[in-house]
Amino acid sequence: MNPVQVIQSLINVENVHKATVVPLKPGQMVYGSVEKFLPNDTAIVRIGNRKLFADVKTLLSTNENYWFEVVTSSNEGVQLKVLEQKGSANSSHFLLKNFQLPETKQNQQLLQFFLSKNVPFTKEQLKIAGFWLPNQTDLTKELTALEWMARKDLPFTKPIFDSLVAVQDARPLNQQLSELVQQLDGPQFASFQSTEPLKQVIASIIGTESFNQVLNGNEAKHMLQSLIHSLGLEYEKDVGQISAHLEDTTHVLKPILMEAISELGSKGKELEPLLNRLTGLQLLSQDFTGTIQQMVMQLPITLGNQPTDVTIQWNGRKTKEAQIDPDYCRILFYLDLQSLDQTVIDMQVQNKVVHLSIINDTNNLEPVVNALTPSLKEKLETIGYKLSFVNIIPSSEKRVEHHVNKPEHLFMEAYHGVDIKI
């Protein structure tokens, strides 16, 4: 499972369900063209594949591309100021000069990225982000993090940026936790009081009882909820509730990790990637605006004797009470299994009818699935759900893409073009 692909799929879902009018703020830069002029100095402006009504006082040519700066944006409309006459998609030189920014390779690549993704940005954001980018060729993780920050309107701060980069770590979370325990056993950490509690909580998490011993859905639910709590993925939300009972945090990784980093000083730098990763997972599941909710959880589990991760990607609509609607949703489970290797379980639920697809390249998997399907169907019926079908699909791009776009599925639109290759 590629964490970058998970985040990109969330971004694609976000784009599909956004309003056709792009939310813009004063000071942001956008690249687009005038499609049609209207009375009173207004026009229809196309930005990427979206259109908006704007107040454009400058005489422009239709179907020519321009760089615009947002002057005002309100319910009454948007006013745009032209920065460059008949711009070019490659006119990074003009903008960097206009912004008085150096023409470094990072700045040029960043500007082209914002342009290609149709992401509105400000001069200050471009300037700040340029300092954050490392001097390397592959900036996929960094640029993906910046796109998420811009689209979610998150504060442009280094901690948030670092968290969204760290959450794309290709290592399994289970492996990262195990490696950290080995580091903490080193002599450089022996004299610190926070080391032992940190080792204990990590050992408790990675030593969680095997899911092979889980007998029913309630047990699985309890184990997953326990893991989420132990990792501290709901820590900030719960901290107000547990402030009167601070002893409850003694088995929660995130606050113990924060305490250790504070005590360790400069040595705490080695613990920051894990803290950033936990924060990044929290950020991916925030901002539940609109009718569609998105959530990603990456949890270390044990299947049989094999430590691994399960990454759960939830996309679904909300109830009137703004709660998760389990009757209309789509959940993808990303697994790396000892016998089946990399596997995606794609579960779609529509009006309590479950469509299940197993994306895997293992030969002769069908007899095993057929043997287990009746038991799955029976257990789903006991909790009020009906199993429609179970498909086995090779992970080749063409087959997966065809399946994901099948029109009978509720969230077909949301996953159009999403790459879930393994």
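Predicted, not measured: the structure shown is a model, and the values here were computed from it.

Let us now look at the overall build of the protein. A count of helices and strands for the protein gives 14 helices and 12 strands. In the protein, 54% of the contacts between residues at least 6 apart in sequence involve partners at least 24 apart. In the structure as shown, the protein presents an accessible area of about 21,600 Å², 51% of it carried by carbon and sulfur atoms.

By size, the foremost hydrophobic cluster in this structure holds 85 residues, and its most contacted members are Leu 146, Leu 198, Leu 253 and Leu 271. In terms of residue count, the dominant contributor to this core is helix H11 (residues 253-264) (six residues). Among all residues touching Leu 253, those that are not within four sequence positions of it are Leu 177, Leu 198, Val 201, Ile 202, Ile 205, Ser 230, Leu 231, Leu 274 and Leu 278. Ranked by size, the runner-up nonpolar core spans 16 residues in total, among them Val 45, Ala 54, Tyr 66 and Leu 80.

Take unusual backbone geometry next. Even without a glycine there, the phi angle at Asn 118 is positive, about 55°. Mapped onto the elements of the fold, Asn 118 is located in the loop between helix H3 (105-116) and strand E6 (121-122). Overall, Asn 118 belongs to the partly exposed group, its relative accessible area being 32%. In this structure, Asn 351 takes a positive phi of about 55° despite not being glycine.

Turning our attention to the packing of aromatic side chains. Summed over all chains, the structure comprises seven aromatic pairs. Relative to Phe 114, the ring of Phe 113 has its centre 6.4 Å away and its plane inclined at 50°; by these criteria the two rings are tilted. Assessed through its relative accessible area of 1%, Phe 114 is described here as buried. Between Phe 114 and Phe 121, the ring centres sit 5.1 Å apart and the planes meet at 15°, which makes this aromatic pair stacked.

Taken together, the two bridges between strand E1 (residues 28-38) and E6 define a ladder with antiparallel strand orientation. Among the inter-strand pairings, Gln 28 is bridged to a residue of E6, identified as Thr 122. Pairing between E1 and strand E4 (residues 65-74): five bridges, direction antiparallel. In the sheet register, Met 29 faces E4, and the bridge partner there is Glu 69. Pairing of E1 with strand E2 (residues 42-47), which is carried by five bridges, proceeds in the antiparallel orientation.

Let us look at the packing of H3 against helix H5 (residues 140-151). Packing of H3 against H5 brings their axes to within 11 Å, and their N-to-C directions diverge by 50°. Comparing their axes, H5 and H3 come out oblique. Crossing of H3 against H5: the hand is right-handed. Seen from H3, the contacting residues are Gln 109, Leu 110 and Phe 113; seen from H5, they are Leu 143, Thr 144, Leu 146 and Glu 147. Its residues placed into classes, the contact of H3 with H5 shows four nonpolar, two polar and one charged.

Moving on to the pattern of salt bridges. This model, assessed by the stated rule, comprises 12 salt bridges. Note that Glu 35 and Lys 51 form a salt bridge whose closest N and O atoms lie 3.3 Å from each other. Here Glu 35, found in strand E1, pairs with Lys 51, found in strand E3 (residues 50-55); they are 16 residues apart in sequence, far enough to count as distant. The exposure class assigned to Lys 51 is partly exposed, which follows from its relative accessible area of 41%.

Moving on, we come to the packing of helix H7 (residues 173-184) against helix H8 (residues 195-206). Viewed as axis vectors pointing N to C, H7 and H8 meet at an angle of 150°, and their least axial separation amounts to 10 Å. As summarised for this structure, H7 and H8 are arranged roughly antiparallel, according to the angle between their axes. Viewed along their axes, H7 and H8 form a crossing whose handedness is left-handed. Listed contacts from H8 to Asn 174, Leu 177, Ser 178, Leu 180, Val 181 and Leu 184 of H7 are Thr 195, Leu 198, Lys 199, Ile 202, Ile 205 and Ile 206. In terms of residue class, the contact of H7 with H8 is built from eight nonpolar, three polar and one charged.

This part takes up the environment of Phe 113. Tracing the sequence through the fold places Phe 113 in helix H3. Separated by 34 residues in sequence, Phe 113 and Glu 147 have C-alpha atoms that sit 8.8 Å apart. In this structure Phe 113 touches Leu 143, Thr 144 and Glu 147, once residues within four positions along its chain are discounted.

With respect to burial, strand E10 (residues 341-350) is a largely interior element, seven of its 10 residues being buried. Looking at chain direction, strand E9 (residues 324-337) and E10 are connected through 10 bridges and run antiparallel. Across the sheet, Phe 333 pairs through a bridge with Ile 345, a residue of E10. As defined by bridge partners, E10 adjoins strand E11 (residues 353-359) across seven bridges and the pair is classed as antiparallel. Note that in E11 the partner of Gln 350 across the bridge is Val 353. Adjacent in sequence and paired antiparallel, E10 and E11 are bridged by two residues, among which Asn 351 carries a positive phi angle near 55°.

Thresholds applied
Residues numbered from 1 in each chain as written. Predicted model: local features only at pLDDT ≥ 70, side-chain atom pairs only at ≥ 80, totals over all residues. Heavy atoms only, no water. Helix = DSSP H or I, 4+ residues; strand = E, 2+ residues; numbered from the N terminus. Contact = heavy atoms within 4.5 Å. Areas by Shrake-Rupley, 256 points an atom, 1.4 Å probe, with all protein chains shown as cover. Core = buried A, V, L, I, M, F, W, Y, C linked by side-chain atoms within 4.5 Å. Buried < 20%, exposed > 50% of the residue type's maximum accessible area, 1.4 Å probe, protein only. Phe/Tyr/Trp six-rings, centres within 6.5 Å; stacked < 30°, edge-to-face > 60°. Pairing = 2+ DSSP bridges. Axes fitted to C-alpha atoms, helices over the stretch in contact; angles between N-to-C directions. Parallel < 35°, antiparallel > 145°, perpendicular 65-115°, else oblique. Left-handed = near helix turned anticlockwise from the far one by under 90°. Nonpolar A, V, L, I, M, F, W, Y, C, P; charged D, E, K, R; others polar. Salt bridge = Lys/Arg side-chain N within 4 Å of Asp/Glu carboxyl O.

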